[in-house]
Amino acid sequence: RTDLPQRPEGRVEPAAARESSRCMQLQWGEVQVLTPEHLLSACHGLGIRDARFLLDGPEVPILDGSAAPFARAMVESGLTEGAPQEPLHLDTPVAVVDGSSMILCRPAPTFSATYVAHYPHPLVGTQVYEYGSDTDYLSQIAPARTFGFLEEVEALRAQGLIMGGSLECAVVVMPDHFSTPLRFPDELVRHKVLDLLGDLAVLGRPLAAHVIAVRTSHRLHVRLLHALAERMTLCGRPA
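Calculation notes
- Residues numbered from 1 in each chain as written.
- Predicted model: local features only at pLDDT ≥ 70, side-chain atom pairs only at ≥ 80, totals over all residues.
- Heavy atoms only, no water.
- Helix = DSSP H or I, 4+ residues; strand = E, 2+ residues; numbered from the N terminus.
- Buried < 20%, exposed > 50% of the residue type's maximum accessible area, 1.4 Å probe, protein only.
- Contact = heavy atoms within 4.5 Å.
- Areas by Shrake-Rupley, 256 points an atom, 1.4 Å probe, with all protein chains shown as cover.
- Pairing = 2+ DSSP bridges.
- Arc of directions from axis to C-beta.
- Phe/Tyr/Trp six-rings, centres within 6.5 Å; stacked < 30°, edge-to-face > 60°.
- Salt bridge = Lys/Arg side-chain N within 4 Å of Asp/Glu carboxyl O.

Caption draft 1: Summary view of the overall build of the protein chain. When you go through the protein chain residue by residue, the secondary structure sums to six helices and eleven strands. When burial is assessed residue by residue, the protein chain has 46% of its 239 residues classed as buried. A separation of at least 24 residues holds for 72% of the contacts in the protein chain among residues at least 6 apart in sequence. For the protein chain, the accessible area works out to roughly 12200 Å², and carbon and sulfur atoms hold 54% of it.

Caption draft 2: The pairing of strand β5 (residues 94-98), seen in detail. Where β5 and strand β6 (residues 101-107) come together, five bridges link them in antiparallel fashion. Directly across from Ala 95, in β6, lies its bridge partner Leu 104. In textbook terms, the turn of a hairpin is the stretch between consecutive antiparallel strands, and for β5 and β6 this stretch comprises two residues, one of which, Gly 99, has a positive phi near 65 degrees.

Caption draft 3: Region of interest: helix α2 (residues 68-77). Those residues of α2 that sit buried are Ala 68, Phe 70, Ala 71 and Met 74. Take α2 and look down its axis: the buried residues cluster within an arc of 165 degrees, on one side only. Facing away from the buried side of α2 by over 90 degrees, the exposed positions are Glu 76 and Ser 77. Of the surrounding secondary structure, the elements contacted by the buried residues of α2 are α1 (37-46) and α3 (137-140). Note on α2: the residue one or two positions beyond its end, Gly 78, has a positive phi of about 95 degrees.

Caption draft 4: The packing of aromatic side chains, seen in detail. With the rule as written, the count across this model stands at four aromatic pairs. The interplanar angle of 45 degrees and the centroid separation of 5.2 Å between the aromatic rings of Tyr 119 and Phe 149 together place this pair among those described as tilted. With Tyr 119 in strand β7 (residues 112-119) and Phe 149 in strand β9 (residues 147-149), the pair connects residues that are 30 residues apart, well separated along the chain. Overall, Phe 149 belongs to the buried group, its relative accessible area being 7%.

Caption draft 5: Structural context of the environment of Ala 83. One can find Ala 83 in the loop between α2 and β4 (88-89). Between the alpha carbons of Ala 83 and Arg 49 there is a distance of 9.8 Å; along the sequence they are 34 residues apart.

Caption draft 6: Quick peek at the sheet that holds strand β2 (residues 25-28). With respect to topology, three strands assemble into an open sheet ordered β1-β2-β3, the strand pairing being antiparallel. Looking at which strands have only one partner, the edges of the open sheet turn out to be β1 (17-18) and β3 (31-34).

Caption draft 7: How the structure looks around the pattern of salt bridges. Taken as a whole, this structure holds ten salt bridges when the rule is applied. Linking Glu 19 and Arg 219 is a salt bridge whose minimum nitrogen-to-oxygen distance equals 3.9 Å. Of this pair, Glu 19 sits in the loop between β1 and β2 while Arg 219 sits in helix α6 (residues 218-234), and the two are 200 residues apart along the sequence. Glu 19 gets classed as partly exposed once you look at its relative accessible area, which sits at 40%. Where Arg 223 meets Asp 98, a salt bridge forms, and the shortest distance between an N and an O atom there is 3.8 Å. You can see Arg 223 sitting in helix α6 and its partner Asp 98 sitting in strand β5, a full 125 residues away along the chain. For Arg 223, a relative accessible area of 30% corresponds to the partly exposed category. Residue Asp 98 is classed as partly exposed on the basis of its relative accessible area of 40%. Several salt bridges converge on common partners, so that one network encompasses Glu 19, Asp 98, Arg 219 and Arg 223.

Shown next, in the form of structure tokens:
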């Protein structure tokens, strides 16, 4: 945080993650960073595990609402291959549940994810996306933008929030149309995958598991991070 005295630094790890329904929050004492999930998703998707970011404020810029600007900048700047990290292998499944929302991590040789999104809206309904080693993150996930429903946007603005938001940085689901043309027919579930990857990047190491996520939130992702961190500690490996 270059905007604060002594330019305090914080390590991205599960212990710093705080529960929130609308974004990932990282906190080290009084120092906080909000909405790092798109930036961290680009790291996850490109296989970046060693990076240092300088922020001049408490919130990572939303840009166009996707991870594409971050991912493109990282690729264009040049990436250096580092030493491989040992993935976290699970000996038994790990699950967190909150009502109708659920994340299950099943032991697997490599990472993959299945996301099920469901919204009771005629334009959305149920969408499913399978993410695996053959998925091209840069073209298939990174461009998917954040989204919200009209009633949510109006409620947040009434509270004085997201005043800097615009139709250039999000997809708003109207009663009978989207606020902007979609980049993918299933852009909404792709963005949920994008967020999931960004939050899992907080783990700090690759995860060898098949992650099945159903109607999740950042809050549930943080609970999963804490459960996985506890598993790493039990295995004798510091989280």
